[in-house]
Amino acid sequence: MGDASYMFTCDRLRKCYARVTALKEVTVAIERGTVGLLGPNGAGKSTLISVLLGQTPATAGRATVLGFDVRRRQLRIRQRIGFMPETDCFIPGLSGTGYVYYAGRLAGMRHADAMQRAHEVLDYVELGDARYRPVEEYSTGMRQRVKLAQALVHDPEVLFLDEPTNGMDPHGREVMLGLIADLHAAGISVLLSSHLLPDVERVCASVMIMGAGEVLTTGRLADLGRPHPTLYTLEYAGNGADLPGALQTAGVGVLGAPVSDNSGRVSIALELPAAGRQSLVLEAAQLAGVRVRGLHPQRSSLEETFLAAIRKQQQP
Amino acid sequence: MNTLSANYRPRYHRWSGHVATGWWTFLPIATAGIRHVLKQNKTRLAVTSTLLFVIGSGGLFYMLDFVEQLVGTEEAEPWYEMLRMLLRVDLSSLAQFHEYREVLWRTIFVIMIRFELFWVLILGGAVGSGLIAQDLKARALPIYFSKPITPITYLLAKWMIVAAFLALAMLVPNLLSLLLGVLFAGGLSSWTQTLGLAWDILLSGSLTMVLGGTVVLALSSLTADRRYALVAWLAVCVLPMTAQGVLGQVLPPEVMGGWLGSISLSGDFMMVTERLFDLRQAWQATELPSDAFAAALGRGIPVRYPALVLLGVTVASIWLCYRRVVRFSRSAANL
């Protein structure tokens, strides 16, 4: 048994389909929490989830989920995991309650437990009286929520969510993201596979970026945004009327107007002529007669990090 | 109040109950499937109509019991004629009628099974054709295979659903008929005489459940449209039977005694069933001349060809089902 403190680990994990290699020697250890799984189409995200669920045997390498080996303990793993697939997948002829109850029974719950829990999770995902209607009649948002309910019915330790906000309207998306954040607060780890970077930024503490079957980047979102070499934010106090002119004279680009907060602190976005030329800003501030409170490099957004990782992989 | 209800959102509560795994996890799938099928009126009607077999065989047992009391009298003559028509056996030369009770009952059961095969065809198609096909159409497999369910558990559960209905078409009516026959005949001797029949009924019923269940599931796993599976099931059951009938007309009997005579699944099943019920030997052991019961017996060809065909079809069906379901289970996350 591996380390149970990790959500999952992969050690030189490889998966080949005929001539296509979907996962190339993936080695990664992802801690519990809310993790965004990002990557373009064909990156190997779904294959990785399939291998972790024990549905697809890996060609080589080893993987563990919650410390259990996926080859030998796949049923034990599935007891502790809830999976919400991307596509609509429903048992024909069942109502929302029947569907979630059935999922509970499949998970090994007793009849009474499954029924009680089905109502609890349907309340939680706010399906209300719609739970008694056939699932086929549900709107897209309701379908996504009932799929989340079936994944939650046996109270898993980890949730694998594949595009949970796919096709939802802005309000539905808000509700779904709120549920995911709340689940994390309740102690459930979440692996969120999504193409929507704002969704991942909103609810995930860390990300794992994949491309062409490889792990390109992993880490906490807060640490991933790299300091930009030339884009800075200057914070200052005092009358800065002459500051923009002084900066431009020094060769520093001013990006937009100064913005002030309630405490009298003013900030302005700048672009240095070259990396490492912060002294130009300090000299200009001295000339303009303002007190410098801080000079911080701007950090790249998740989108920039994502695109940079993909570009780096595509470089020969 | 409105503001309160608008802002209210239930919180997530953890659950601390017990979740079990084991081979028995097929039971929830099987029971849910049976319940779902029984919601359909046509299926309920077909299941209820199998009681006709019990009533029919009960009538025949009662008739035999009645004729037993008339043996040797002129009043028995019309009844002999009727039995000749129904059982294809001439019983007029029998003096000790009750001694032939077992062989007569065996004959009745073999005839009943021949009729029951039609119900097996109907119920097998109605119930089994959609069992896997509908899951494929609704893309339900990711739900099954993200839970502690293996392809074998899934298949076992689906087989149990169709097998339950095939049992209602053949095994259950036959056992009820046997019980009814014993009650009509009365006495301990009829129990001891006919006890072996229960075993034969059980074997033939199980054979139907295994063969019919696996074949219809294999066909259901090949398509996401249950109508195609239904048409294929009817074709597999009916077309070879027709072809065998045509070949039997044009080819010499010695050719039809080999593989060519074993292409019909229902024909093969009947030959194996007759062998199970030991009908030929049972009649030959009686004092009756062979022409008195020849019509009641099937073709006198070795049973090994039909048995091998049935075994081959069953194994191939299990293999096909397993391969298909494993394939879908492996691509479940990608569906």
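It should be noted that the structure appears before, not after, this text.
Keep in mind it's a predicted model, so treat the numbers as computed, not measured. (Residues numbered from 1 in each chain as written. Chains lettered and ligands numbered in written order. Predicted model: local features only at pLDDT ≥ 70, side-chain atom pairs only at ≥ 80, totals over all residues. Heavy atoms only, no water.)

Colleague: Could you clarify how one ought to interpret the overall build of chain A in this entry?
Modeller: Looking only at helices and strands, chain A has eleven helices and 14 strands in total. Reported as C-alpha extents along the three principal axes, the dimensions of chain A are approximately 75 × 45 × 30 Å. Within chain A, residue pairs in contact and separated by at least 24 positions form 69% of the contacts whose partners lie at least 6 positions apart. Here chain A carries 33 positive and 32 negative side-chain charges, and the mean point of each set is 8 Å from the other. (Helix = DSSP H or I, 4+ residues; strand = E, 2+ residues; numbered from the N terminus. Contact = heavy atoms within 4.5 Å. Lys, Arg positive; Asp, Glu negative; His and termini not counted. Charge placed at Lys NZ, Arg CZ, Asp CG, Glu CD.)

Colleague: What is the right way to look at the interface of chain B and chain A in this model?
Modeller: A common way to state how big an interface is: give the accessible area lost once the parts meet. At the interface, 36 residues of chain B touch 49 residues of chain A. In this assembly, chain B packs against chain A so that about 4000 Å² is buried in total across both faces, 55% of it on carbon and sulfur atoms. When residues of chain B are sorted by the area they lose upon contact with chain A, Tyr 12, Trp 15 and Lys 147 of chain B head the list and together hold 20% of the total. Between the two partners, chain B and chain A, sit two salt bridges. A salt bridge links Asp 155 of chain A to Arg 14 of chain B; its shortest N-O distance comes to 2.8 Å. Summed over the shared surface of chain B and chain A, the result is 18 residue pairs in polar contact (both at pLDDT 80 or more). Elements that contribute at least two residues to the side of chain B that touches chain A include exactly helix 2 (26-38), helix 7 (133-137), helix 8 (141-144) and helix 16 (304-330) of chain B. A class-by-class count of the residues in the side of chain B that touches chain A yields 20 nonpolar, nine polar and seven charged. (Buried area = accessible area lost by both parts, 1.4 Å probe. Salt bridge = Lys/Arg side-chain N within 4 Å of Asp/Glu carboxyl O. Polar contact = N/O pair within 3.5 Å; in protein donor to acceptor, adjacent residues only side chain to side chain. Nonpolar A, V, L, I, M, F, W, Y, C, P; charged D, E, K, R; others polar.)

Colleague: I tried to follow the nonpolar core on my own but got confused; where do I start?
Modeller: Buried together is how nonpolar side chains tend to be arranged in soluble globular proteins. Ranked by size, the top nonpolar core spans 142 residues in total, and within it Leu 148 of chain A together with Tyr 144 and Trp 283 of chain B carry the most contacts. Every residue in contact with Leu 148 of chain A, bar those within four places of it in the chain, is listed here: Met 84, Val 125, Leu 159, Leu 161, Met 176, Leu 179 and Leu 183 of chain A. Grouped together as the second largest cluster of nonpolar side chains are 30 residues, Val 28, Val 35, Val 70 and Met 208 of chain A included. (Core = buried A, V, L, I, M, F, W, Y, C linked by side-chain atoms within 4.5 Å. Buried < 20%, exposed > 50% of the residue type's maximum accessible area, 1.4 Å probe, protein only.)

Colleague: So what exactly am I meant to see when it comes to the packing of aromatic side chains here?
Modeller: On inspection of all chains with the given rule, the structure shows eleven aromatic pairs over all chains. Here Tyr 102 of chain A and Tyr 144 of chain B contribute two aromatic rings whose centre-to-centre distance is 6.0 Å and whose plane-to-plane angle is 90°, an arrangement assigned as edge-to-face. Placement of the pair is Tyr 102 of chain A in helix 3 (residues 96-106) and Tyr 144 of chain B in helix 8, with the two residues belonging to separate chains. Using a relative accessible area of 1% as the deciding quantity, one classes Tyr 144 of chain B as buried. A ring pair is formed by Phe 61 of chain B and Trp 105 of chain B, whose centres lie 4.5 Å apart and whose planes are at 45°; its orientation type is tilted. Of this pair, Phe 61 of chain B sits in helix 4 (residues 51-70) while Trp 105 of chain B sits in helix 6 (residues 101-128), and the two are 44 residues apart along the sequence. (Phe/Tyr/Trp six-rings, centres within 6.5 Å; stacked < 30°, edge-to-face > 60°.)

Colleague: Looking at this structure, how should I read the pattern of salt bridges?
Modeller: Oppositely charged side chains can pair when the atoms bearing their charge come close. Under the counting rule described, the total for this entry stands at 23 salt bridges over all chains. Put simply, Asp 135 of chain B and Lys 158 of chain B hold a salt bridge, and the shortest N to O gap is 2.9 Å. Here Lys 158 of chain B lies in helix 9 (residues 151-185) and Asp 135 of chain B lies in helix 7, a separation of 23 residues in the sequence. Residue Asp 135 of chain B shares its accessibility class with Lys 158 of chain B, and that shared class is buried. If you follow the salt bridges from partner to partner, you end up with Arg 117, Glu 120 and Asp 155 of chain A together with Arg 14 of chain B in one network.

Colleague: Could you clarify how one ought to interpret the sheet that holds strand 6 (residues 81-84) of chain A in this entry?
Modeller: Consider a sheet: its strands pair through backbone hydrogen bonds, and that pairing is either parallel or antiparallel. Residues and elements named next belong to chain A. One open sheet accounts for six strands, arranged 6-7-8-3-9-10; its pairing is mixed. Each edge of the sheet is formed by a strand with only one pairing partner; in this case those strands are strand 6 and strand 10 (214-220). Neighbouring strand axes in the sheet, compared pairwise and without regard to direction, differ in orientation by 15° on average. As judged from the four bridges shared by strand 3 (residues 34-38) and strand 9 (residues 206-211), these two strands associate in the parallel manner. From the neighbouring strand, Leu 38 faces strand 9, where its bridge partner is Ile 209. (Pairing = 2+ DSSP bridges. Axes fitted to C-alpha atoms, helices over the stretch in contact; angles between N-to-C directions.)

Colleague: What should I look at first to understand a nonpolar patch on the surface in this one?
Modeller: Residues and elements named next belong to chain B. A cluster of nonpolar side chains, contributed by Leu 51, Leu 52, Ile 55, Val 172, Leu 176, Leu 179, Leu 183, Leu 188, Trp 191 and Leu 195, occupies part of the molecular surface with about 1000 Å² of accessible area. Contributing elements (two or more residues each) for the nonpolar patch: helix 4, helix 9 and helix 10 (188-221). It is helix 9 that contributes the most residues to the nonpolar patch, four residues altogether. Here Leu 195 lies in helix 10. (Patch = residues over 30% accessible without salt bridge, like charges linked within 9 Å, V, L, I, M, F, W, Y side chains within 5 Å. Areas by Shrake-Rupley, 256 points an atom, 1.4 Å probe, with all protein chains shown as cover.)

Colleague: Looking at this model, I keep getting lost on helix 4 of chain B. Mind explaining?
Modeller: Because an α-helix packs 3.6 residues into every turn, residues spaced three or four apart end up facing the same way. All names here are of chain B. The end-to-end C-alpha distance of helix 4 is 29 Å, a good match for the 28 Å that 20 residues give at a rise of 1.5 Å each. When we look at burial in helix 4, the residues that qualify are Phe 53, Val 54, Ser 57, Gly 58, Leu 60, Phe 61, Met 63, Leu 64, Asp 65, Val 67 and Leu 70. Tucked into the core, helix 4 has its buried residues touching helix 3 (41-49), helix 5 (77-87), helix 6 and helix 9. Count one or two residues on from helix 4 and you reach Gly 72, which has phi positive near 90°. (Expected span 1.5 Å × (residues − 1).)

Colleague: Explain unusual backbone geometry to me, please; I cannot follow it from the model alone.
Modeller: Peptide bonds are, in most cases, trans, and in most cases residues other than glycine have a negative phi. Backbone geometry at Glu 163 of chain A places phi at a positive 50°, although glycine is not the residue there. Tracing the backbone shows Glu 163 of chain A in the loop between strand 7 (158-162) and helix 6 (170-185). Positive phi outside glycine occurs at Arg 139 of chain B, with the angle close to 50°. Secondary-structure assignment places Arg 139 of chain B in the loop between helix 7 and helix 8.

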